[in-house]
Amino acid sequence: MKKASKIAFGILAVFVLAIVIVSVTVKGQYTFTEFWTMFFDKIFNWNAFISAFKPIISRVPTSFIITLIAMAIGLVLGLLLALIKLNRIPVLGQIRALAVSFIRGTPIYVQLLLTYTGIPLILKAINLNYGTAYNINDISPMLFVILTFAFNEAAYNSETIRAAIESVDVGQIEAAKSLGMTNFQVFKRVTLPEAATVAVAPLGNALMGLLKGTSLAFVAGVIEMTAEAKIIGGSSFRVFESYLAVALVYWAINLVFENLIRLLERKLQITPKQKNKRHLIPTGNPFEQGSVDNGGGDAV
């Protein structure tokens, strides 16, 4: 049994055991059997809890679409932002620093509101200035959500990717350049794969956090899992049951993600034997200019 599953079942067992102990030791109006009969009859509606799963699960693809597209865009933009910082590109470096600071310093909820209310204002200004007739109603709410989460992930992923690239042994890029490899070849063949080994765990955590963050998509009118649970709870007046159901769905999905990320991390992990074979493989900043001065000696 996997570690995550053991933890999940352990927490559940402790929770159930605590309820049983309290029910047995603390005397009340009802006996143990009568109490639980009353609980599932008047307090907790089991049928409402079970029936909430089907409509909530039907919204899982929506949450997945937001998560995967936003993460893919966030990884690409994050890599570009990381390379801009590593190469200290003038002007772009200052713009990157300002954008990353703003995104990391404001709540994702506020960013979503700014996107949802700001894009219509931009379209209105364009219409007034150029005589166009763009209609905000023609834009899918998913676009607002995906853009917001993509830029948010890019800001955080850029720092993760930058740290992963800088963790690669600089000596390997010197050896690679002495072998005649170009900067792009160094980046593609070695730097990126080795940096991925370091970055996969924090990026996996970011992916899981992004999935949970999609619960805010209802702000822009997107009906995903949490919004569906809210609708079910409001119509049936069984809010706790619907929110408990969506919590368990999120938990189950993240347990799957956690195990997949762990498998990927093991697959990318470099064993000591592999390290010995790859000690001459180059790594480092692919856009660093200049040749390596090895002092007239051979590359090590």
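Scroll up for the structure.
A brief look at the structure comes next. What you see is a predicted model, and the numbers here were worked out from it, not measured in a lab.

## Side note on the packing of helix H10 (residues 183-213) against helix H12 (residues 239-268)
- Orientation of H10 relative to H12, taken along the N-to-C sense of each, is 170°, at an axis distance of 10 Å. Between H10 and H12, the angle falls in the class roughly antiparallel. On the side of H10, the interface is formed by Ala196, Thr197, Val200, Ala201, Gly204, Leu207, Met208, Leu211 and Lys212, while H12 contributes Tyr250, Ile253, Asn254, Phe257, Glu258, Ile261, Leu264, Glu265 and Leu268.

## Describing the environment of Lys54
- Residue placement: Lys54 occurs in helix H4 (residues 53-57).
- Remark: the alpha-carbon pair of Lys54 and Ala245, spanning 191 residues in sequence, is separated by 9.8 Å.

## Focus: the side chain of Glu228
- With respect to the element layout, Glu228 can be found in helix H11 (residues 225-236).
- Residue classification places Glu228 among the buried residues on the basis of a relative accessible area of 10%.
- Among the polar contacts listed, one links the side chain of Glu228 to the side chain of Arg59, at a separation of 3.0 Å.
- Ignoring sequence-local partners within four residues, the contact set of Glu228 consists of Pro55, Ile56, Arg59 and Ile223.

## Concerning helix H5 (residues 60-87)
- With 28 residues, H5 should cover 40 Å at 1.5 Å per step; its first-to-last C-alpha distance of 40 Å lies within 8% of that length.
- Once H5 finishes, Arg88 follows within two positions and takes phi at roughly 50°, a positive value.

What counts, and where the lines are drawn
- Residues numbered from 1 in each chain as written.
- Predicted model: local features only at pLDDT ≥ 70, side-chain atom pairs only at ≥ 80, totals over all residues.
- Heavy atoms only, no water.
- Axes fitted to C-alpha atoms, helices over the stretch in contact; angles between N-to-C directions.
- Helix = DSSP H or I, 4+ residues; strand = E, 2+ residues; numbered from the N terminus.
- Parallel < 35°, antiparallel > 145°, perpendicular 65-115°, else oblique.
- Contact = heavy atoms within 4.5 Å.
- Buried < 20%, exposed > 50% of the residue type's maximum accessible area, 1.4 Å probe, protein only.
- Polar contact = N/O pair within 3.5 Å; in protein donor to acceptor, adjacent residues only side chain to side chain.
- Expected span 1.5 Å × (residues − 1).

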